[in-house]
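The lines below spell out each chain.
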Amino acid sequence: MEKGPFSVEWLAQSSRGGARPAERPLSCGDSGAAPVPGPQQREAEGGPAAGRPRTKFSAAQLQELERSFREQRYIGASEKRRLAAALSLSQSQIKTWFQNRRMKFKRETQDAR
């Protein structure tokens, strides 16, 4: 395995004051940083996937979340707890769904202008 910039070996040496990355000229649009592998690539390389997998909401869950969003775009703590218990989701999932739904609403209303 090559001990180029940003490899595990290079990082171990650089933290002890060893090797430095080779200087190379940057081209237009090139930040010089090594590309960050995506989740599928990390799994294929044997590494763990970052974060949790995407939550697939059921039709019933979406219907209840949308109904609640139509009533009020910002969810309070008690309503968040109630929805989480009723829909078998975490409060964090409810909070994130509302954040994402508000952004979708904002995009839709801006596109209508």
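Refer to the structure printed above.
What you see is a predicted model; the values in this text were computed from it and never measured.

Some words on the overall build of the chain
In terms of helices and strands, the chain carries 5 helices and 0 strands. Of the regular secondary structure in the chain, the N- to C-terminal order runs α-α-α-α-α. Long-range pairs, those at least 24 residues apart, make up 38% of the contacts in the chain with a sequence separation of at least 6. When the accessible surface of the chain is split by element, carbon and sulfur atoms take 53% of a total near 9000 Å².

Quick notes on helix H5 (residues 91-112)
With 22 residues, H5 should reach 32 Å at 1.5 Å per residue; the first-to-last C-alpha distance of 32 Å fits that figure. Among the residues of H5, those classed as buried are Gln93, Ile94, Trp97, Phe98, Arg101 and Arg102. Buried residues along H5 sit against helix H3 (59-71) and helix H4 (77-87).

Section: H3
If you check H3, its first and last C-alpha atoms are 19 Å apart, about what 13 residues at 1.5 Å a residue would give, namely 18 Å. What H3 keeps buried is the set Gln61, Leu65, Ser68 and Phe69. Along H3, the residues classed as buried sweep out an arc of 100° about the axis, all on the same side. Structural note: H3 exposes Ala59, Ala60, Gln63, Arg70 and Glu71 on the side pointing more than 90 degrees away from its buried face. Those residues of H3 that are buried lie in contact with H4 and H5.

Reading guide: rules and limits
Residues numbered from 1 in each chain as written. Predicted model: local features only at pLDDT ≥ 70, side-chain atom pairs only at ≥ 80, totals over all residues. Heavy atoms only, no water. Helix = DSSP H or I, 4+ residues; strand = E, 2+ residues; numbered from the N terminus. Contact = heavy atoms within 4.5 Å. Areas by Shrake-Rupley, 256 points an atom, 1.4 Å probe, with all protein chains shown as cover. Expected span 1.5 Å × (residues − 1). Buried < 20%, exposed > 50% of the residue type's maximum accessible area, 1.4 Å probe, protein only. Arc of directions from axis to C-beta.

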